[in-house]
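So the chains spell out like this:
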Amino acid sequence: MTTPSAPDPTPSEPRTGGTGVWFVGARGSVATTAVAGCAAITAGLHPATGMVTETPPFAAAGLPSLPSLVFGGHDTVSCPLPKRAEALEAGGVLPHGLSSAVRAELAAADAEIRPGGPLPGDTRTDADLITAFAGDLTDFMDRRGLTRTVVINVASTEPLPSPDDLRLPASSLYAAAALRAGCAYVNFTPSTGLHTAALREAVAACGLPHAGRDGKTGQTLVRSVLAPMFLQRALAVRAWSGTNLLGGGDGAALADPAAAAAKNAGKTRVLSDTLGSVPEGEVHIDDVPSLGDWKTAWDHIAFDGFLGSRMVLQTIWQGCDSALAAPLVLDLARLLARAHEAGQTGPRPELGFYFKDPDGGPAALADQYTALLSFADRLREGR
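Here's what I pulled together on the structure shown here. In this text the structure is predicted, and so the values were computed from the model without any measurement.

Notes on the sheet that holds strand S7 (residues 236–246)
Logical step 1: Read across the sheet, 4 strands follow the order S8-S7-S9-S10 without closing on themselves; strand pairing throughout is mixed. Unpaired on one side and paired on the other, strand S8 (283–287) and strand S10 (310–320) mark the two borders of the sheet. Each adjacent strand pair in this sheet contributes to an overall mean axis angle of 10 degrees, direction not counted.
Logical step 2: In the packing of helix H8 (residues 219–232) onto the sheet, contacts are made with S7, S8, strand S9 (294–304) and S10, and the angle to S7 comes to roughly 170 degrees.
Logical step 3: Packing against the sheet, helix H11 (residues 321–341) makes contact with S9 and S10, and its axis sits at approximately 80 degrees to S10.

What about the packing of helix H1 (residues 29–42) against helix H2 (residues 81–90)?
Logical step 1: In the contact formed by H1 and H2, the axes pass within 10 Å of each other and the chain directions differ by 95 degrees. It follows that H1 is roughly perpendicular to H2 by the angle criterion. Residues Ser 29, Thr 32 and Thr 33 of H1 form the contact with H2, whose participating residues are Leu 81, Arg 84, Ala 85 and Leu 88.
Logical step 2: Residue composition of the contact of H1 with H2, by class: 3 nonpolar, 3 polar and 1 charged.

Here's the deal with unusual backbone geometry
Logical step 1: The omega torsion across Gly 117 and Pro 118 is 0 degrees, close enough to zero to call that bond cis.
Logical step 2: Along the chain, the position of Pro 118 falls in the loop between strand S3 (113–115) and helix H5 (126–144).
Logical step 3: Look at the link from Gly 212 to Arg 213: it is a cis peptide, with omega at 10 degrees.
Logical step 4: Note on placement: Arg 213 falls in the loop between strand S6 (209–212) and H8.
Logical step 5: With a phi close to 70 degrees, Asp 214 is a non-glycine residue in the positive phi region.
Logical step 6: Position of Asp 214 relative to the elements: it lies in the loop between S6 and H8.
Logical step 7: Under the relative-accessibility criterion, Asp 214 is labelled buried at 1%.
Logical step 8: In this model, Leu 307 sits at a positive phi of 60 degrees, which is unusual for a non-glycine residue.
Logical step 9: Mapped onto the fold, Leu 307 is located in the loop between S9 and S10.

A look at the pairing of strand S5 (residues 184–187)
A regular strand places its side chains so that they alternate between the two faces of the sheet.
Logical step 1: Residues Ala 184 and Val 186 of S5 are buried on one face, and the alternating residues Tyr 185 and Asn 187, pointing to the opposite face, are buried as well.
Logical step 2: Pairing of strand S4 (residues 148–153) with S5, which is carried by 4 bridges, proceeds in the parallel orientation. Paired with Val 150 across the bridge in S5 is Ala 184.
Logical step 3: Note on the crossover from S4 through helix H6 (residues 170–180) to S5: the handedness is right-handed.
Logical step 4: Summarising the sheet, S5 and S6 pair through 3 bridges and their orientation is parallel. In the strand pairing of S6, Val 186 is matched with Ala 211.
Logical step 5: Taken together, S5, helix H7 (residues 200–206) and S6 constitute a β-α-β crossover, and its handedness is right-handed.

Observations concerning the layout of surface pockets
Logical step 1: Taken as a whole, the largest pocket spans an internal volume of roughly 870 Å³.
Logical step 2: Within the residue set of the lining of the largest pocket, elements represented by two or more residues are H1, strand S2 (69–75), H6, helix H9 (248–254), S9 and H11.
Logical step 3: Looking at the lining of the largest pocket element by element, the count peaks at 4 residues for H9.
Logical step 4: Split by residue class, the lining of the largest pocket holds 13 nonpolar, 19 polar and 11 charged.

Points about the side chain of Asp 299
Logical step 1: Structurally, the position occupied by Asp 299 is in strand S9.
Logical step 2: With relative accessibility at 3%, the residue Asp 299 sits in the buried group.
Logical step 3: A distance of 2.5 Å separates polar atoms of two side chains, one belonging to Asp 299 and the other to Gln 219.
Logical step 4: Of note is the side chain of Asp 299, whose polar atom sits 2.4 Å from the side chain of Trp 240.
Logical step 5: The residues touching Asp 299, leaving out its near neighbours within four places in the chain, are Gln 219, Arg 223, Trp 240, Ser 241, Gly 242, Leu 313, Gln 314 and Thr 315.

Observations concerning H5
Logical step 1: With 19 residues, H5 extends 27 Å between its outermost C-alpha atoms, agreeing within 8% with the 27 Å of an ideal straight helix rising 1.5 Å per residue.
Logical step 2: If you check which residues of H5 are buried, you get Asp 126, Leu 129, Ile 130, Phe 133, Ala 134, Leu 137, Phe 140 and Met 141. All buried residues of H5 project into a common sector of 125 degrees when viewed along the axis, lining one side.
Logical step 3: Turning to H5, the residues buried within the fold contact strand S1 (19–24), S2, S3, S4 and H6.
Logical step 4: Positive backbone phi, approximately 60 degrees, marks Gly 145, located one or two places after H5.

Comments concerning the side chain of Thr 189
Logical step 1: Inspection of the secondary structure puts Thr 189 in the loop between S5 and H7.
Logical step 2: Owing to a relative accessible area of 3%, Thr 189 belongs among the buried residues under this scheme.
Logical step 3: A polar side-chain atom of Thr 189 sits 3.0 Å from the main-chain amide nitrogen of Ser 191.
Logical step 4: In this structure, Thr 189 is in contact with Asn 153, Val 154, Ala 155, Arg 213, Asp 214 and Gly 215, ignoring residues within four places of it in sequence.

Quick notes on the rules
- Residues numbered from 1 in each chain as written.
- Predicted model: local features only at pLDDT ≥ 70, side-chain atom pairs only at ≥ 80, totals over all residues.
- Heavy atoms only, no water.
- Pairing = 2+ DSSP bridges.
- Helix = DSSP H or I, 4+ residues; strand = E, 2+ residues; numbered from the N terminus.
- Axes fitted to C-alpha atoms, helices over the stretch in contact; angles between N-to-C directions.
- Contact = heavy atoms within 4.5 Å.
- Parallel < 35°, antiparallel > 145°, perpendicular 65-115°, else oblique.
- Nonpolar A, V, L, I, M, F, W, Y, C, P; charged D, E, K, R; others polar.
- Buried < 20%, exposed > 50% of the residue type's maximum accessible area, 1.4 Å probe, protein only.
- Right-handed = clockwise from strand over helix to strand, strands pointing away.
- 1 Å grid on protein atoms, 1.4 Å probe; cavity = no way out; pocket = protein on both sides within 12 Å on 5 of 7 lines; lining within 4 Å.
- Points joined across faces, edges and corners; volume = space filled by probe spheres on them.
- Polar contact = N/O pair within 3.5 Å; in protein donor to acceptor, adjacent residues only side chain to side chain.
- Expected span 1.5 Å × (residues − 1).
- Arc of directions from axis to C-beta.

These results come straight from atomic positions and should not be treated as a statement about function.
Next up, the structure:
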């Protein structure tokens, strides 16, 4: 396995333009919803519901404005963003008429999407691919005159790599390219990304902020609220089981048991970190193609009360992961761009509020939110 080199030095000519947001998986549901949503909010067509960075505590934190964001990315599929948005609108993910209203913005972002990889039959080495992906990033920044760019992985979940694998997983190739191009990095998926020994030296040398992994949008969001309740009320959790029914690209990807295992690791970590141990029970993920981009998540929690009285709490979460995730990735793009501007480096545990598998910090959502507000205060002070 080839170990990537440290990032290239920053360009001698400072850029003075907007902020780039480069999606890995740029033609997927999450990226399409984020681009369409940013355009809709900027045009005043819809409010910024779900965007924490649009709430009062972040008003003076120096975050890049939504109109200043410039989108691009990598993907291995060819369906253009306007067509993808039409399909999401037909499925009820985007509101009626939005794909037409923001078609120009979608087309502009689609023009900045470059072929990803490796594709079947690709003979390039890992080093070749990293160089090509980093070149796409630097070309994007140079042509658009961007001050900085945040790379966000929103591609389908990969199986965890085997110790015997001779090649880096695709997510790690993109992550290495982000470092090479001098870009802050977010892993919104459970895929490996920066979490590989092959990138350890490059990560340590990069001097860039990064955050991840696996966005916390639905079932695990609820778990991160409920688990502290049981702990603080001294209620003994005996078992915690769950089921996810979902379709779309995520459903197809997670039909692979290895990919599902990577996804479930973050769901389990929330319970382990909060309760101190993992209760009995598992999470099952079922691919139901007819659900499209919609998901139902069910949890069954068995716990003991006073004098051993046995009780059960059940929750049902029905929603659209793309609509839940899109405001979060826009938040993260703005926060990491500002952190980069403020000279912050390395993993950002303050952003654990957004992740199932954060870079340290507290596990409970309320404590993570407090840490995020403290982070906003420091950004406001430019540190």
